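Structure assessment
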Amino acid sequence: MNRIKSELLSGFGATIIITFLAYLQVLTSKDLWLMAPFGATAVLVFGVPESPLARAKNVIFGHLITTLVGLVFLYSFGVTPITLGIATGLGIFIMLMTKTTHPPAGANPILVMMTHQTWFFLINPVLVGALSIVVVAHLYNRLRKKRIFNPIVG
């Protein structure tokens, strides 16, 4: 039963942050607050928060690094199969070299290049979203450790 509680609470944490970012997108109507890799980030920060891949620096810098690589390639070399491959590989290489590996961020160069994002994408949704996820996950997981959620789940 404890495993079910833990998994339910992990899913609930992901629900909170993705719903929050989605509502911000609806409320502002023109600003992007959400991107698909954040769903995978939520798996790590709420499902296995003790993983090195879920650390705040990995989430934030992993997303920033790979998005920046995607933007540089988009505006310097355009979008071709080879530039997509090199940008993705380079983003992974830089995350590994800087010890900021965050697997969901590996999708960012592809996302950026295939959707022709602007430089502002680096700020919103990437930086704002990653910071929001880290803050909410930190608070949420601290409450979980203090067993604040026990009455909710049973």
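1. A closer look at the packing of aromatic side chains
- Inspection of the entire model under this criterion finds four aromatic pairs.
- Aromatic pair F73 and F77: ring centres 5.1 Å apart, planes at 55°, arrangement tilted. On the criterion of helical spacing, the pair formed by F73 and F77 is a turn pair, its members being four residues apart in helix α3 (residues 56-77).
- On the basis of relative accessibility, which here comes to 11%, the residue F73 falls in the buried class.
- Ring plane angle 20° and centroid distance 5.5 Å describe the contact between Y75 and W119, whose orientation is recorded as stacked. With Y75 in helix α3 and W119 in the loop between α5 (108-114) and α6 (123-145), the pair connects residues that are 44 residues apart, well separated along the chain.
- A residue is classified by how much of its surface remains accessible, and Y75, at 43% relative accessible area, is partly exposed.
- An aromatic cluster is defined as three or more aromatic residues linked by ring pairs; in this entry it consists of F12, F46 and Y140.

2. So, a nonpolar patch on the surface
- A cluster of nonpolar side chains, I82, I86, L90, F93 and M97, forms an exposed patch at the surface whose accessible area comes to about 500 Å².
- Summarising the element assignment, L90 is placed in helix α4 (residues 81-97).

3. Looking at α6
- With 23 residues, α6 extends 31 Å between its outermost C-alpha atoms, agreeing within 8% with the 33 Å of an ideal straight helix rising 1.5 Å per residue.
- Burial in α6 covers these residues: N124, P125, V126, G129, A130, S132, I133, V134, A137, Y140, N141 and R144.
- On its buried face, α6 is in contact with α1 (2-28), α2 (37-47) and α3.

4. Quick word on the packing of α3 against α6
- Axis separation between α3 and α6 bottoms out at 9 Å; the angle between their running directions is 165°. With respect to their mutual orientation, α3 and α6 come out roughly antiparallel. In this structure, α3 meets α6 at a crossing whose hand is right-handed. Of the residues in α6, those touching α3 at A56, V59, I60, H63, L64 and T67 are V126, L127, A130, L131 and V134.
- For the contact of α3 with α6, the residue count by class is nine nonpolar, two polar and no charged.

5. Points about the environment of G106
- Mapped onto the secondary structure, G106 falls in the loop between α4 and α5.
- Classification of G106 as buried rests on a relative accessible area of 14%.
- Counting along the chain gives 100 residues from G106 to S6, while the straight-line C-alpha distance between them is 27 Å.
- Setting aside its immediate chain neighbours within four residues, G106 contacts T88 and M95.

6. A short note on the nonpolar core
- One finds V45, F46, M113 and I133 to be the most contacted residues of the largest nonpolar core, which totals 30 residues.
- Among the elements of the structure, α1, α2, α3, α4, α5 and α6 are those that each provide at least two residues to this core.
- Residues contacting V45, with those up to four places away along its chain left out, are A54, V59, I133, A137 and N141.

Cut-offs used in this document
- Residues numbered from 1 in each chain as written.
- Predicted model: local features only at pLDDT ≥ 70, side-chain atom pairs only at ≥ 80, totals over all residues.
- Heavy atoms only, no water.
- Phe/Tyr/Trp six-rings, centres within 6.5 Å; stacked < 30°, edge-to-face > 60°.
- Helix = DSSP H or I, 4+ residues; strand = E, 2+ residues; numbered from the N terminus.
- Buried < 20%, exposed > 50% of the residue type's maximum accessible area, 1.4 Å probe, protein only.
- Patch = residues over 30% accessible without salt bridge, like charges linked within 9 Å, V, L, I, M, F, W, Y side chains within 5 Å.
- Areas by Shrake-Rupley, 256 points an atom, 1.4 Å probe, with all protein chains shown as cover.
- Salt bridge = Lys/Arg side-chain N within 4 Å of Asp/Glu carboxyl O.
- Expected span 1.5 Å × (residues − 1).
- Contact = heavy atoms within 4.5 Å.
- Axes fitted to C-alpha atoms, helices over the stretch in contact; angles between N-to-C directions.
- Parallel < 35°, antiparallel > 145°, perpendicular 65-115°, else oblique.
- Left-handed = near helix turned anticlockwise from the far one by under 90°.
- Nonpolar A, V, L, I, M, F, W, Y, C, P; charged D, E, K, R; others polar.
- Core = buried A, V, L, I, M, F, W, Y, C linked by side-chain atoms within 4.5 Å.

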